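Residue strings, one per chain:
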4 protein chains.
Amino acid sequence: MTVTQETPTRTVTRESAPLHASLIVKGRDRTGIVASVGALLSSHGANIVSLDQYSDNPQGGAFFQRTVFSLDNPQAVLPAIEHDLRDRLTTDFELEFMVRDMSLPKRVAIFASKSDHCLLDLLWRHRRGQLPVTVAMVISNHPDTAEEVRSFGIPFFHVPSMGADKSAAEAEHLRLLRGNVDFVVLARYMQILSGDFIKQVGVPIINIHHSFLPAFVGAGPYAKAKERGVKLVGATAHYVTEDLDEGPIIEQDVVRVTHAHNAADLQRRGADVERAVLSRAVEWHSQDRVIRHGNHTIVFA
Amino acid sequence: MTVTQETPTRTVTRESAPLHASLIVKGRDRTGIVASVGALLSSHGANIVSLDQYSDNPQGGAFFQRTVFSLDNPQAVLPAIEHDLRDRLTTDFELEFMVRDMSLPKRVAIFASKSDHCLLDLLWRHRRGQLPVTVAMVISNHPDTAEEVRSFGIPFFHVPSMGADKSAAEAEHLRLLRGNVDFVVLARYMQILSGDFIKQVGVPIINIHHSFLPAFVGAGPYAKAKERGVKLVGATAHYVTEDLDEGPIIEQDVVRVTHAHNAADLQRRGADVERAVLSRAVEWHSQDRVIRHGNHTIVFA
Amino acid sequence: MTVTQETPTRTVTRESAPLHASLIVKGRDRTGIVASVGALLSSHGANIVSLDQYSDNPQGGAFFQRTVFSLDNPQAVLPAIEHDLRDRLTTDFELEFMVRDMSLPKRVAIFASKSDHCLLDLLWRHRRGQLPVTVAMVISNHPDTAEEVRSFGIPFFHVPSMGADKSAAEAEHLRLLRGNVDFVVLARYMQILSGDFIKQVGVPIINIHHSFLPAFVGAGPYAKAKERGVKLVGATAHYVTEDLDEGPIIEQDVVRVTHAHNAADLQRRGADVERAVLSRAVEWHSQDRVIRHGNHTIVFA
Amino acid sequence: MTVTQETPTRTVTRESAPLHASLIVKGRDRTGIVASVGALLSSHGANIVSLDQYSDNPQGGAFFQRTVFSLDNPQAVLPAIEHDLRDRLTTDFELEFMVRDMSLPKRVAIFASKSDHCLLDLLWRHRRGQLPVTVAMVISNHPDTAEEVRSFGIPFFHVPSMGADKSAAEAEHLRLLRGNVDFVVLARYMQILSGDFIKQVGVPIINIHHSFLPAFVGAGPYAKAKERGVKLVGATAHYVTEDLDEGPIIEQDVVRVTHAHNAADLQRRGADVERAVLSRAVEWHSQDRVIRHGNHTIVFA
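Residues numbered from 1 in each chain as written. Chains lettered and ligands numbered in written order. Predicted model: local features only at pLDDT ≥ 70, side-chain atom pairs only at ≥ 80, totals over all residues. Heavy atoms only, no water.

Per the secondary structure count, chain A includes nine helices and 13 strands. Taken over C-alpha atoms, the radius of gyration comes to 20 Å for chain A, in line with the 19 Å a tight globule of 301 residues would show. In terms of principal-axis extent, the alpha carbons of chain A reach across some 60 × 40 × 35 Å. Within chain A, the fraction of its 301 residues that count as buried is 64%. For chain A, the proportion of contacts with a sequence separation of at least 24, taken over those separated by at least 6, is 67%. (Helix = DSSP H or I, 4+ residues; strand = E, 2+ residues; numbered from the N terminus. Rg over C-alpha atoms; globule rule 2.2 N^0.38 Å. Buried < 20%, exposed > 50% of the residue type's maximum accessible area, 1.4 Å probe, protein only. Contact = heavy atoms within 4.5 Å.)

Shown next, in the form of structure tokens:
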């Protein structure tokens, strides 16, 4: 294995306990937000399990807060909390917020092509209980991984996508996804999604790009890396936007290579980084640890 | 340079602004602590700049919170905040707390011996404005670094320490330190401090040990590492207790070595890790990011 | 994913080409060894593809050389080369050597227990063509992974091993292994092998220990690591000797952890390092990159 | 400290012993080169201390070999070896070679501007005996570091370089450098060298660029990195060519950053990577470990 860096991730276990909920707050920073949120949660008997907060400028900058709290009866109390938050945060502070029952794992569809390393790593981690998601389905433009995916007990759909016109394939994708998933992961899916699809699917899409963006944008990054003689190759997990390889970066990592590695070696070593980086991004997204802000992300990892 | 790992440190700059203060709270976890602290700070017009919180068990476990807040007039308001905190936290919640005006850098004494890499790295970083401390003095049992230290404008005291009886040297140390420093850093100081000295000095002492503790406890760790044939060597910054090499670990890191490195090479490569690890520990301690808890540390880095 | 360090591995592909052979030479260093070997290979029409050499002291120290060379007709020429090497190296230089046709992958048996992360990672890398070995069989003291292993087309043998007396299980192991494998990998096999078994099996055994040895020797290393409050956890691949956890280290790596990780988290994060470290050790061993020397290894990675 | 990756460097000490010499060979690969070189060195009584070899294709690809050998009397024997090498390698094999007495350290001029972290790290490593070079002089377009540089016993020359026309400054540079140095290091020298200067100076020039090239080419890379929201920042040491930031890369490394770091923080964290990467590049270059090949480097680190 080859990944050279990492960030501290906290345990899935504790925060995913049945009675936990997450609250994301974002907006313009003002005095008293943390106190207000704390008081509001307390008044409903919620106990704060963890709290992360970031402000890019305490004088009116952008404010971000992630709070995980426990409740004896989330189903009953969460609506009331949400109602009060709407009152307090939206009205008084003009903040956005999102509250979610963490006992309900997010549902994900994984898109893949022929390359299986990212796909299988996610399925393995999921089976080991390390990814708090429900893998609703795997969609691939190749049938190759069908049997393996189904051996994990996960539905596999083969949606061919040939030629320049992706509209038929994307229509099929939308039919499969609509209402069924909370986010999509492109696990080395080698097709470009249309802007129209991105809009219509209506859920976040996470992609793994096989380079340390913004180096080696576009196709064939390992060949380009070999050509340039770099001493590290990397991978980047990012949210997909209409601008190819330009979406908000969630996570990146690199691995050392030498003159003795050819482009195929870079690809092989890079594969380990890709699966590592993607699994971190998926874990963090599924735990509401990633907040989008313009073309950036705040990651409370 | 050789260090292979790192953790995210946030900027010194912003949090060290003139009007900032830090608040550390620790004790048994109960519902409502974060909210109470938030409300109390708000009521004094304090604006929370950053907040880190950790509980090892939300049901009555150990609770830790670090809050940095800004005030328009800290000198005037901090005493009132402290008074209210005493009321609220100590009485209602049975918590300990520590509040500190961050515009007043902590004063440190650095102890060194002949080896200068850790000492000079700290002095350089300090001169570059990267360590928010006042280096009150350097104390060494060798005169070798006197000129270099003084060229940084820092007082240097040579206190020889020969033979088994350290009491004279330690008495001199106490005379120099008492009232003058908020913590002590042993920057490869090659003398063992007596339990009596540790008690009397009354401030935290940070040591850098030249191995990845608990591997290779005691003297000559690089020789031991070579003997055992390890593939990584490391360094550990820890608070000094009476039990040699057993105090609470603040930070650790490692660097790769190979069969081709002899013990002197390990020492040379290790020196880079030592200075890196020690500088992180000193930075974090000086920013109140490290909370001791039994023989562990909570590090809000 | 979590692994924080790595070493440069070169491509499997090129050196494993059908017409390649490896030559390992070790012994006391003397002037002229490299030249002699080079001349001898040249005289048989061998072309040196790569050459690594190390001497811990050019004046009579220990000398190690790994040479990969290509031949048009290895089956025909290798015996002649071996004959000449015996003449030259053994007689003139008193060196040991080992020559091997790299087109014949080493045969390995993998031992596992309930934990499947190391086992599956090896099988998956093997299927991707990244490990130049033949996986002859998987042996486990638990039946749990049987179906998954067999889905890779690999024989699975369940050999229960309960109680203190392992002799029946070990006899069964020997029956299965004898003549069938070139080395054994313990992929988190949770049984201690007897000294008698190690002797009788007669092939190298590689183990993955779930700590950065020599820290946390023995059972329960993650719990011990949590107890000590370390900031990194690691894994160590080593050759098995009769002294538990004391055999020659092949590879090690670490991953950062924080106060917020409990022992289960350390185990989860450590699992990523374990599979990474073990896969490197297996790859290097299968390519004759690891030379044992007393309780150390020379690794031409 | 912050550097997250590293490569194995071997000890300076052993290979820099008084009686060692290095031989670099490059050209088109053919059968028998290693053997020929070995035989030739043996015939002069040279003992090979270390040998690294790389061929990008054993069938007529590019061949590279670095050999360090010891001689009882290098001054007397090296000319004879060189003569024979010319005969054998140049005539028979059409190879290029370079042989050098390693007891004579390469002479280097360090160029700096206001920023002192790379400059001081090099001087400090040099003083500790870790860089086998003679620092002939430091040249800066600012006088700020004069006193500190001279305290290391090293000549400092202030050569102002203002305005678009650098020709006067460059003429002064050439006057200082000519005949006095074997290579030049740009240790965060914030002036662009003209193509004419590069040609006339006639020795290799190593630059440290403050980004992971090819990401963030040109000025202000940390601001660009912040803008793009990357999760790692890096540094690149490369040989200077007329194409700005496009020369052969010697070494690269990265360090993790988060959303909480502003551009100044990136710069501060990056500074640690810069000095680490540059010191490795300088060490390797001074030990003849780096071979240029087109726009790539072979690094036998």
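Residues and elements named next belong to chain A. Here Ser140 is to be found in strand E6 (residues 133-140). Engagement of the side chain of Ser140 in a polar contact is seen with the backbone oxygen of Ala112, the distance being 3.0 Å. In this structure Ser140 touches Ala112, Ser113, Phe156, Phe157, His158 and Val159, once residues within four positions along its chain are discounted. (Polar contact = N/O pair within 3.5 Å; in protein donor to acceptor, adjacent residues only side chain to side chain.)

Turning next to the environment of D:Ser140. Residue and element names in this part refer to chain D. When its relative accessible area of 0% is taken as the criterion, Ser140 is described as buried. Note: C-alpha distance between Ser140 and Leu177 (37 residues apart in sequence) is 13 Å. Side-chain polar atoms of Ser140 contact the backbone oxygen of His142, separated by 2.8 Å.

This paragraph deals with the sheet that holds strand E9 (residues 205-209) of chain A. Residues and elements named next belong to chain A. Taken in spatial order, the seven strands make up an open sheet running E7-E6-E5-E8-E9-E10-E11, and their pairing is mixed. Unpaired on one side and paired on the other, strand E7 (156-158) and strand E11 (249-256) mark the two borders of the sheet. In this sheet, neighbouring strand axes are inclined to one another by 20° on average, regardless of whether the strands run parallel or antiparallel. Pairing between strand E10 (residues 232-239) and E11: seven bridges, direction antiparallel. (Pairing = 2+ DSSP bridges. Axes fitted to C-alpha atoms, helices over the stretch in contact; angles between N-to-C directions.)

Least-squares fitting of chain C to chain B yields an RMSD of 0.0 Å, with the transformation described by 0.0 Å of translation along the axis and a rotation of 180°. The relationship between the two copies is best expressed as a two-fold rotation axis. Proximity to the rotation axis, assessed at the C-alpha, singles out C:Ala215 in chain C; its C-alpha lies 2.3 Å from the axis. Of the interface residues in chain C, 100% have counterparts in chain B that sit at the interface too, so the contact is made through matching surfaces. (Least-squares fit on C-alpha atoms with pLDDT ≥ 70 in both.)

The subject of this paragraph is the interface of chain C and chain B. With 37 residues of chain C in contact, the opposing surface of chain B contributes 37 residues. The interface formed by chain C and chain B contains six salt bridges. For B:Arg228, the salt bridge is made with C:Glu246, and the minimal N-O distance between the two is 3.8 Å. Here chain C and chain B share 22 residue pairs in polar contact (both at pLDDT 80 or more) between them. (Salt bridge = Lys/Arg side-chain N within 4 Å of Asp/Glu carboxyl O.)

Let's shift gears to the confidence of the model for chain A. Residues and elements named next belong to chain A. Per-residue confidence for chain A gives a mean pLDDT of 91; residues scoring 70 or more make up 94%. In the model, residues 1-16 has pLDDT below 50 throughout and makes 103 contacts with residues more than four positions away in sequence or in other chains. For this predicted complex, the interface confidence reaches an ipTM of 0.91, while the overall pTM sits at 0.93. (pLDDT = per-residue confidence, 0-100.)

Below, the discussion takes up the state of the cysteines. Two cysteines whose sulfur atoms are joined by a covalent bond form what is called a disulfide. Scanning the model with the defined rule gives zero disulfides over all chains in all. Not engaged in a disulfide, the cysteine A:Cys118 finds its nearest cysteine sulfur in C:Cys118; these two sulfurs lie 20 Å apart. Of the residues examined, A:Cys118 reaches a relative accessible area of 1% and is grouped as buried. (Disulfide = S-S within 2.5 Å.)

Here we come to the pairing of strand E8 (residues 183-186) of chain B. Residues and elements named next belong to chain B. The side-chain alternation of E8 yields two buried faces, one formed by Phe183 and Val185 and the other by Val184 and Leu186. Bridge count for strand E5 (residues 106-112) against E8 is four bridges, and the pairing is parallel. If you follow Val108 over to E8, its bridge partner there is Phe183. Bridge count for E8 against strand E9 (residues 205-209) is three bridges, and the pairing is parallel. Bridge assignment links Leu186 to a residue of E9, and that residue is Asn207. Each parallel crossover has a hand, and for E8 linked through helix H7 (residues 195-201) to E9 it is right-handed. (Right-handed = clockwise from strand over helix to strand, strands pointing away.)

Turning to the packing of aromatic side chains, a few remarks are in order. Within this structure, the stated rule accounts for 12 aromatic pairs over all chains. Ring centres 6.2 Å apart and planes at 15° place the aromatic pair C:Tyr54 and C:Phe64 in the stacked group. Here C:Tyr54, found in strand E2 (residues 47-55), pairs with C:Phe64, found in strand E3 (residues 62-70); they are 10 residues apart in sequence, far enough to count as distant. For the residue pair C:Tyr54 and C:Phe64, the accessibility class agrees, reading buried in each case. Between D:Phe111 and D:Tyr189 the ring centres are 5.2 Å apart and the planes differ by 85°, which places this aromatic pair in the edge-to-face class. Placement of D:Phe111 in strand E5 (residues 106-112) and of D:Tyr189 in the loop between strand E8 (183-186) and helix H7 (195-201) is noted, with a sequence separation of 78 residues between them. (Phe/Tyr/Trp six-rings, centres within 6.5 Å; stacked < 30°, edge-to-face > 60°.)

Residue and element names in this part refer to chain A. Domain assignment breaks chain A into domain 1 (20-101) and domain 2 (106-299). Using only C-alpha atoms to locate each centre, domain 1 and domain 2 end up separated by 31 Å. With 11 residues of domain 1 at the contact, the number on the domain 2 side is nine residues. Of the roughly 820 Å² buried between domain 1 and domain 2 on both sides combined, carbon and sulfur atoms contribute 56%. Taken as a group, Phe64, Arg66 and Arg100 account for 57% of the area that domain 1 buries against domain 2, more than any other trio of residues on that side. In this structure, Arg100 and Asp288 form a salt bridge, with 3.0 Å as the shortest nitrogen-oxygen distance. (Domains from an automatic or database assignment. Buried area = accessible area lost by both parts, 1.4 Å probe.)

Residues and elements named next belong to chain D. Taken in spatial order, the seven strands of this open sheet run E7-E6-E5-E8-E9-E10-E11, and their pairing is mixed. Strands at the two margins of the open sheet, each flanked by one partner only, are strand E7 (156-158) and strand E11 (249-256). For this sheet the average axis-to-axis angle between neighbouring strands, irrespective of direction, equals 20°. Sheet strands in contact with helix H4 (residues 117-127) are E5, strand E6 (133-140), E8 and strand E9 (205-209), and its direction is about 155° off that of E6.

Now for unusual backbone geometry. Comment: phi is negative for the bulk of residues other than glycine, and the bulk of peptide bonds are trans. A cis amide bond, omega 10°, links B:Leu213 with the succeeding residue B:Pro214. One can find B:Pro214 in the loop between E9 and helix H8 (221-228). A positive phi angle, near 60°, is found at D:Phe216, a position not held by glycine. Relative to the helices and strands, D:Phe216 is located in the loop between E9 and helix H8 (221-228). D:Phe216 sits in the buried class, given a relative accessible area of 13%.

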